[in-house]
Amino acid sequence: MVRIDGYHARSLIGRGQYSGRLRRVLSHVRCASNLLESPWSSRRRGVWASASPDARVRHRPIGLTEPPPWQDVVVSSVDLVLVLRYRKAVTYGFHVLLGALEEHETTTSYEVVLAETPEATTTAIEAGLNRAKRVLVLWSFYSPDAEALAAELTTIKAAAPGALHVAGGVHATAEPVQTLDAGWDVAAIGEGETTLLKLVDAGGDPVGVTGLAYRDAAGKVVKTGRPERLPLDTFRGFSLRWHRFNALEITRGCAFSCRFCQTPFMFSARFRHRSVENVRWHVDEMRARGLRDVRFITPTALSYGSQDESPNLDAVEELLATCKEGIGPDGRVFFGSFPSEIRPEHVTREALQLVKKYCSNNNIIVGAQSGSDRVLDAAKRGHGVEEVMRAARLGVEEGFRINVDMIFGMPGEDQADVDASLNLAKELADLGARIHAHTFMPLPGTPWRDAPPGDVDPETIRAVDRLSQQGALYGHWQRQREHAARLAAAAEAYPRPGRSRTLLPIHSTPE
């Protein structure tokens, strides 16, 4: 069954029967989990609903051969249709935008569609252009996916012209001109909640809306500045109206500013934490809807409640205790496991015992990144190899399965650094830890954006493969080698002034 928020069908449907065009819409548009519902919809029938409950159209569930004899159809047009190119990899960002949208009062009448495939996106655009003054297609993606999605965008624009395509996320923020040149009409820069709300208020017209980049009539790039960074409590962390739930973001930004990471450069090099009271509200809403697992999104789990580089275990315990109480005896809380991690220097016996007391996870993720102190210093990690080994030993002693993130091919690595990383990986595996292997990618927006792509030599590949065959290593590091090469080529094509931003206090490999 498909439920789409906001569709009216004056041009698609007659009283009591369905046109062929509407059947095509119903057969192509897919909403994730088939569960996009408006506040007045029923789980037993599909509903197309707008921001106003006075204009509603009910339709038959997919699969019925004959439509029911409904005669109470009310149809109208709207100001704006928002089509979300809804992909599994980026659902969280869209859920947060929907959470902000559902509380926002606006004079703009709008509709929302989640389109899971290129074909669904094309169909939604065509349908929207028949009813709305403007159709916006919202995209969100990470840098490694930019090239593939640009090709998809070209296909969609050729098949369904007339919509305005808006790209958001870390890549669009870091590389707005590159994003526009790739085919998107608008690049959203920075955090998207306030930008989206202002776009909706403007009926989808991007001119003058803060947080955007676009080209004017003369082809000149216009940047309207970054949107204001607001406290996390300002907006919901998921959507109740559209039934879109996810791991809850409890911290945005990061004080550590590792040179390879996009997080501090997108969200600022300081922590903003969601309050315990606000987290509890989210947990209560989840439990009321039958959800039983609480997970968190945070760049460094044990930094919750802290404004510096030291952990705040009192704040962490208050958070975990209220979540455990809120989700109830049948619920589970996960902390320090995917999709978050723990910094190695934060791992103490006391911290691990807190996780054991309140949480259900039997594994934690520790960010090591390299087995070379020299490379760790260059990356501004703020810890050394010894802290990684100590964290792994403590974790194993406390009964946790330890997963350790490591990045191969870091800028300026020499053979001694590579050997040190492989030796660390083997020692960790001997302790019972698993290595989550990555290849260094020069990510846009980071100080190492202009560094060469991760280069993993054949012998290192064989050593890593042996660990993988033993079950001691996993990850998409091979695929990331290809991503890294593409990102480096894009950086070369779009040189930035002041390449000295990439400061590598380590020597280059001799030719």
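See above for the structure.
For every chain, the first residue of the written sequence is number 1, and numbering continues from 1 along that sequence. Local features are withheld for residues below a pLDDT of 70 in this predicted model, meaning they are given only at 70 or higher, and side-chain atom pairs are given and counted only at 80 or more; totals for whole chains, interfaces and linings count all residues. Neither water nor hydrogens contribute to the side-chain values; these are computed over all heavy atoms in the structure.

A. Quick look at the packing of aromatic side chains. For Phe, Tyr and Trp, where Trp contributes only its six-membered ring, two rings pair if their centres lie within 6.5 Å, and the inter-plane angle classes them as stacked under 30 degrees, edge-to-face over 60, or tilted in between. As enumerated under the stated definition, the model contains seven aromatic pairs in all. A centroid spacing of 5.8 Å and a plane angle of 80° characterise the contact between phenylalanine 440 and tryptophan 448, whose relative ring orientation is edge-to-face. Both residues of the pair, phenylalanine 440 and tryptophan 448, belong to the buried class. A network of ring pairs unites the aromatic residues Trp139, Phe141 and Trp184 as a single cluster. Any Lys NZ or Arg CZ that is within 6 Å of a ring centre and within 35 degrees of that ring's normal is treated as a charge sitting over the ring. The ring of phenylalanine 334 has arginine 295 lying over it, and the distance from NZ or CZ to the ring centre is 3.8 Å. For every residue, the accessible area (1.4 Å probe, protein chains only) is compared with the maximum for its type, and the residue is labelled buried under 20%, exposed over 50%, or partly exposed between those bounds.

B. The sheet that holds strand β10 (residues 186-188), seen in detail. At least two DSSP bridges between two strands are required for those strands to pair. Put simply, DSSP H or I for four residues or longer makes a helix, DSSP E for two residues or longer makes a strand, and each gets a number counted from the N terminus. Taking strand neighbours across the sheet as the criterion, the seven strands line up as β7-β6-β8-β9-β10-β11-β12 in an open arrangement whose pairing is mixed. With one partner strand each, in any of the chains shown, β7 (110-115) and β12 (221-223) form the two edges of the open sheet. Geometrically, the sheet is characterised by an average inter-axis angle of 20° between neighbouring strands, direction not taken into account. The sheet contact formed by strand β8 (residues 132-140) and strand β9 (residues 164-168) spans five bridges and is parallel. The partner of valine 137 across the bridge, within β9, is histidine 165. Contact definition: two residues touch when any of their heavy atoms are within 4.5 Å. Between N-to-C directions, angles cover 0 to 180 degrees, with each direction set by a line fitted to C-alpha atoms, over the stretch in contact for helices. Those strands touched by helix α2 (residues 91-102) are β6 (78-85), β7 and β8, and its axis lies near 155° from that of β6. Here helix α7 (residues 193-201) sits on the sheet and contacts β6, β7, β8 and β11 (212-215); the angle it forms with β6, its principal contact strand, is near 150°.

C. Spatial organisation of the environment of valine 113. Along the chain, the position of valine 113 falls in strand β7. Residue class for valine 113 comes out buried when judged on its relative accessible area of 0%. On a C-alpha basis, the gap between valine 113 and leucine 82 in space is 6.2 Å, while along the polypeptide they are 31 residues apart.

D. Quick peek at the pattern of salt bridges. The salt bridge definition used is simple: a Lys or Arg side-chain nitrogen within 4 Å of an Asp or Glu carboxyl oxygen. Evaluation of the coordinates by the stated rule reveals 31 salt bridges. With a shortest N-O distance of 3.3 Å, aspartate 185 and lysine 157 are connected by a salt bridge. A residue pair is termed long-range when its members are at least 10 positions apart, and aspartate 185 in the loop between α6 (176-181) and β10 and lysine 157 in helix α4 (residues 146-159) qualify at 28 residues. Using a relative accessible area of 29% as the deciding quantity, one classes lysine 157 as partly exposed. Within the structure, one salt-bridge network assembled from shared partners comprises Glu191, Glu193, Arg229, Glu249, Arg252 and Arg272.

E. Structural context of the side chain of serine 257. Looking at the secondary structure, you find serine 257 in the loop between β14 (251-252) and α8 (263-267). In this view, serine 257 contacts Pro264, Phe265, Ala269 and Lys380; residues no more than four positions away in its chain are not counted.

F. Expanded view of the packing of helix α13 (residues 385-397) against helix α14 (residues 415-431). Where α13 meets α14, the closest approach of the two axes is 10 Å, and the angle between their N-to-C directions is 10°. What the angle tells us is that α13 and α14 run roughly parallel. Crossing of α13 over α14 shows right-handed handedness. Note on element contacts: α14 touches α13 through Leu424, Glu427, Leu428 and Leu431, opposite Val385, Val388, Met389, Ala392, Arg393 and Val396. Of the residues in the contact of α13 with α14, the class split is eight nonpolar, no polar and two charged. Small angles under 35 degrees read as roughly parallel and large ones over 145 as roughly antiparallel, with 65 to 115 read as roughly perpendicular and the rest as oblique. Crossing handedness is read from the near helix: turned anticlockwise from the far helix by less than a right angle, it gives a left-handed crossing, and turned clockwise, a right-handed one. In this count, Pro and Cys sit with the nonpolar residues alongside Ala, Val, Leu, Ile, Met, Phe, Trp and Tyr, while Asp, Glu, Lys and Arg are called charged and the others, Gly among them, polar.

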